[in-house]
Amino acid sequence: MAEDNEQEEKQEGLPKFDWAKFQRNRFTYKWQFYSEEHDHHFEYVDDYLYEKGAIMEGKERTECVEVGLYKGPKKPPWDFHIRYSNWQLALRVEFFKEVFDERAFVEGYQPQHKYVRLVIPPTIHHEILNVINDFELLHIRDLLLELIATAQDTYIRDVAFWERPENQKLITSAEKETEKAIQVIDQSGVDMKSWREFEGKVRPQLNHIKFVFNTGTIKLEHEWLAREFVENMKRAYDDLHYKDWKKDLARYPARFDENAHKAKFKYRLAKSYYNLFTKGKFFKVTKAQPYPNRLMLCIAKLIEFSLIPVGDWEDPDDVKVKHIRNWLKRNDLEPKLTYAEVPADLEKLKQYFEPNFLEMADATKRADAISVAFFICQRFDIQDLLPDLIHIASCIKETNWLVGHQMTSNNRMNEPEIPEMNAFRLLMNGVKGKKKLTSLKFTLEGEDGEYELSSRLPMFLVEKALREYYEGYRVEFDTDAIPTSFKKNEDGGIKVEKESRISEPHERYLVRLVHGLYNYLKDHSGIDEGEILPGEQYYEIIALLFKETWVFYMKYVDDRAIIKQIKEWHQLTPES
């Protein structure tokens, strides 16, 4: 007990994480500068640069000020400010989602401003404001400041490195070298299938590996050690996205496709500014003069505030105007997918899923559901099911909030008074909040009478078991604990009804969904159910679908734990 008390004191003595500070820093951008002497970018407010022995020791610091963006009034009414801020956010999303790789649509969350606060030298801030004023853009001042900061951060973090000639070689050679790596693993024999492939032929054998350094060459001639390098590389790729080394290694050059895409960042940024200013009616253009000099100069100046060179820094304005005009003429901006029409075979799906569930999504699907289904179909080679899985993923995402959070949420939408559910919530939320149980009454099937526990040990063990199970399997408590039905109305609204009781284990929404998915995959996936571990791949597919559609509230969950949960749900019966 003394050791337990000491441990609790140590935990209580830990500094509390400052979420307010974390959130403030997350939405604050600290302005940077480029040092030619060190060939590197640094933050102006990085105090470590000027300490004794640091690279900037003895040099004069540049003072910075904090500039708030999208600031609202301290007192109501706030309506105008909210509309004004949302209007600027809408402009950012509409015209810059491609250039800043907006993930909201793919990940399925609401877009938001990246920065609402800048820490910037006052001279640079005034210079930017003068340019914004000169081009009569003060009504979108905060948006432009955020765009300049976001572009600077993106360029320094993701683009500048790949503009170096030595790194361009990594991009251009990736595909050819990946083919060699696949050939090495295939021929090394670490995949036992290769024994049959080379039957009756000379089977390749790995004898040694040469490592060529700039200081010399090391030749590893021990066959087993050399083989381990290949085995470990294969094992590492077997544990990646598709759980198939050849598929994942073949995707390796695609990493550099993204970098090649990033190398065109400044062209896409220029195009996004152009679309904002022309389609947003901030500059007037005509068919005869689609690229007026004044607009080109404005874009050039905004881009250079992000530390992105437009030609040489010393070039005069008329040369930079020509550069921007050429960038716009020679480069197109590929639209980013946000929605797409993907019709599903609803008559087929109605054989496995409830009509009210299938009605929750229409033919227009969001990018996040499309992305989830595409990933699953690629991983399990079930591309024929793509339209159906897109529809199912869309329906799951649309229904999560209707049946979830029933244990912990304060939202009791359309919920009748259920004394037993109130007691259940009191028990679980109390245990979760580390309140102690003082007694527990229970009856057992086949036993007469009621029993009671009040000693601290059984209470302690029950608390611990409930708390640990809740933390690991929260969805068991939260989702459809009360029988919930929903139906989409003709006007697009959703009618939700709840019964006055607690659900039976086997009748819950997710359990029914697992049964429907299992039968659908068994009939249409082309994957054999198997005899030794029946339905194992079906369980993997369902588990991945649930994880990627946020059924378990987070994606960083061990696949094995989810598969185990899916199996348990599938095996539930009225007698469970």
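The rules behind the values
- Residues numbered from 1 in each chain as written.
- Predicted model: local features only at pLDDT ≥ 70, side-chain atom pairs only at ≥ 80, totals over all residues.
- Heavy atoms only, no water.
- Helix = DSSP H or I, 4+ residues; strand = E, 2+ residues; numbered from the N terminus.
- Buried < 20%, exposed > 50% of the residue type's maximum accessible area, 1.4 Å probe, protein only.
- Areas by Shrake-Rupley, 256 points an atom, 1.4 Å probe, with all protein chains shown as cover.
- Axes fitted to C-alpha atoms, helices over the stretch in contact; angles between N-to-C directions.
- Parallel < 35°, antiparallel > 145°, perpendicular 65-115°, else oblique.
- Left-handed = near helix turned anticlockwise from the far one by under 90°.
- Contact = heavy atoms within 4.5 Å.
- Nonpolar A, V, L, I, M, F, W, Y, C, P; charged D, E, K, R; others polar.
- Pairing = 2+ DSSP bridges.
- 1 Å grid on protein atoms, 1.4 Å probe; cavity = no way out; pocket = protein on both sides within 12 Å on 5 of 7 lines; lining within 4 Å.
- Points joined across faces, edges and corners; volume = space filled by probe spheres on them.
- Phe/Tyr/Trp six-rings, centres within 6.5 Å; stacked < 30°, edge-to-face > 60°.
- Lys NZ or Arg CZ within 6 Å of the ring centre and 35° of its normal.
- Core = buried A, V, L, I, M, F, W, Y, C linked by side-chain atoms within 4.5 Å.
- Polar contact = N/O pair within 3.5 Å; in protein donor to acceptor, adjacent residues only side chain to side chain.
- Salt bridge = Lys/Arg side-chain N within 4 Å of Asp/Glu carboxyl O.
- pLDDT = per-residue confidence, 0-100.

Re the overall build of the protein
Then, number 1: Each helix and strand counted, the protein has 24 helices and 13 strands in total.
Then, number 2: Dimensions of the protein, computed from the C-alpha atoms along their principal axes, are close to 95 × 85 × 65 Å.
Then, number 3: Every one of the 576 residues in the protein was classed for burial, and the buried ones make up 41%.
Then, number 4: Total accessible area on the protein is roughly 34900 Å²; 51% of this is exposed by carbon and sulfur atoms.

Things to note about the packing of helix α6 (residues 141-159) against helix α12 (residues 265-279)
Then, number 1: At a minimum axis separation of 11 Å, α6 and α12 run at an interaxial angle of 165°. Comparing their axes, α12 and α6 come out roughly antiparallel. At the point where α6 passes α12, the crossing takes the right-handed sense. Residues Leu 144, Leu 147, Ile 148, Ala 151, Thr 154, Tyr 155 and Val 159 of α6 touch α12, and the partners they reach there are Phe 265, Leu 269, Tyr 273, Leu 276 and Phe 277.
Then, number 2: In terms of residue class, the contact of α6 with α12 is made up of 11 nonpolar, one polar and no charged.

A word on the sheet that holds strand β4 (residues 65-68)
Then, number 1: Overall, mixed pairing links the three strands, which are arranged β1-β5-β4 in an open sheet. Looking at strand neighbours, the two that pair on one side only are β1 (28-30) and β4, the edges of this open sheet. Averaged over all pairs of adjacent strands, the angle between their axes in this sheet comes to 20°, without regard to strand direction.
Then, number 2: Note that β4 and strand β5 (residues 117-120) share four bridges and pair antiparallel. Within β5, the residue paired with Val 67 across the bridge is Leu 118.
Then, number 3: Most of the contacts of helix α5 (residues 122-134) go to β5, to which it runs at about 120°, and overall it touches β4 and β5.

Points about empty space enclosed by the protein
Then, number 1: Taken as a whole and judged by the stated rule, the model has one cavity of 30 Å³ or more.
Then, number 2: When its volume is computed, the largest cavity comes out at roughly 30 Å³.
Then, number 3: Lining the largest cavity, in full, are Val 475, Glu 476, Thr 479, Arg 508, Leu 510, Val 511 and Trp 569.
Then, number 4: Elements represented by at least two residues in the lining of the largest cavity include exactly α21 (474-478) and α22 (509-524).
Then, number 5: A class-by-class count of the residues in the lining of the largest cavity yields four nonpolar, one polar and two charged.

Focus: the environment of Leu 225
Then, number 1: On the secondary structure map, Leu 225 appears in helix α9 (residues 223-238).
Then, number 2: Between the C-alpha atoms of Leu 225 and Met 459, which are 234 residues apart in sequence, the distance is 54 Å.

Overview of the packing of aromatic side chains
Then, number 1: According to the stated counting rule, one finds 34 aromatic pairs in the structure shown.
Then, number 2: Both rings, one in Phe 211 and one in Phe 229, keep their centres 5.3 Å apart while their planes meet at 55°; by these two values the pair is tilted. Here Phe 211 is found in strand β6 (residues 209-213), whereas its partner Phe 229 is found in helix α9, with 18 residues between them in sequence.
Then, number 3: Overall, Phe 229 belongs to the partly exposed group, its relative accessible area being 46%.
Then, number 4: Feature note: the residues Phe 80, Tyr 84, Trp 87, Phe 96, Phe 100, Phe 135, Phe 265, Tyr 273, Phe 277, Phe 282 and Phe 283 constitute an aromatic cluster, connected by ring pairs.
Then, number 5: Sitting over the ring of Tyr 553, Arg 474 keeps its end group 4.2 Å from the ring centre.

Notes on the packing of α12 against helix α13 (residues 293-305)
Then, number 1: Remark: α12 packs on α13, axes separated minimally by 10 Å, with the N-to-C direction vectors making an angle of 130°. When the interaxial angle is binned, α12 and α13 end up oblique. Note on packing geometry: the crossing formed by α12 with α13 is right-handed. Across the interface between the two elements, Lys 266, Leu 269, Ala 270, Tyr 273, Tyr 274, Phe 277 and Thr 278 from α12 touch Leu 295, Met 296, Cys 298, Ile 299, Leu 302 and Ile 303 from α13.
Then, number 2: Classifying every residue of the contact of α12 with α13 by side-chain character gives 11 nonpolar, one polar and one charged.

Remarks on the nonpolar core
Considering soluble globular proteins, one finds that nonpolar side chains tend to be buried as a cluster.
Then, number 1: Formed by 62 residues in total, the largest nonpolar core has its most connected members in Tyr 273 and Phe 277.
Then, number 2: Counting only elements with at least two residues in this core, the list comes to α3 (79-96), β5, α5, α6, α12, α13 and α14 (317-330).
Then, number 3: Of the residues forming this core, the biggest block, 10 residues, is contributed by α6.
Then, number 4: In this view, Tyr 273 contacts Phe 96, Leu 144, Leu 147, Ile 148, Ile 299, Leu 302 and Ile 303; residues no more than four positions away in its chain are not counted.
Then, number 5: Judged by nonpolar contacts, the second largest core, of 55 residues, contains Val 372, Ala 373, Cys 395 and Leu 572.

What about the side chain of Arg 92?
Then, number 1: Within the secondary structure, Arg 92 sits in helix α3.
Then, number 2: Here the side chain of Arg 92 touches Glu 146 through a polar contact of 3.2 Å, side chain to side chain.

Remarks on the pattern of salt bridges
Where side chains of opposite charge bring their charged atoms close, a pairing between them can arise.
Then, number 1: Tallied over the full model, the rule gives 36 salt bridges.
Then, number 2: A salt bridge links Glu 37 to Lys 59; the shortest N-O distance between them is 2.7 Å. Here Glu 37 is found in the loop between β2 (32-35) and β3 (40-43), whereas its partner Lys 59 is found in the loop between β3 and β4, with 22 residues between them in sequence.
Then, number 3: When its relative accessible area of 60% is taken as the criterion, Glu 37 is described as exposed.
Then, number 4: Connected through shared salt-bridge partners, Arg 366, Asp 368, Lys 397 and Glu 398 make up one network.

Examining the pairing of β3
Then, number 1: Here β2 pairs with β3 via four bridges, running antiparallel. The residue bridging Gln 32 from the neighbouring strand is Glu 43, located in β3.
Then, number 2: Taking the residues between adjacent antiparallel strands as the criterion, β2 and β3 are bridged by four residues, where Asp 39 takes a positive phi near 50°.

Describing the confidence of the model for the protein
Then, number 1: On average, the protein scores 88 in pLDDT, and the residues at 70 or more come to 93%.
Then, number 2: Every residue in residues 1-10 scores below 50 in pLDDT, and together they form zero contacts with partners more than four places removed in sequence or on other chains.

Comments concerning the side chain of Asn 400
Then, number 1: Positionally, Asn 400 belongs in helix α18 (residues 386-403).
Then, number 2: Sequence-distant contacts of Asn 400, defined by excluding residues within four places in its chain, comprise Thr 549, Trp 550 and Val 551.

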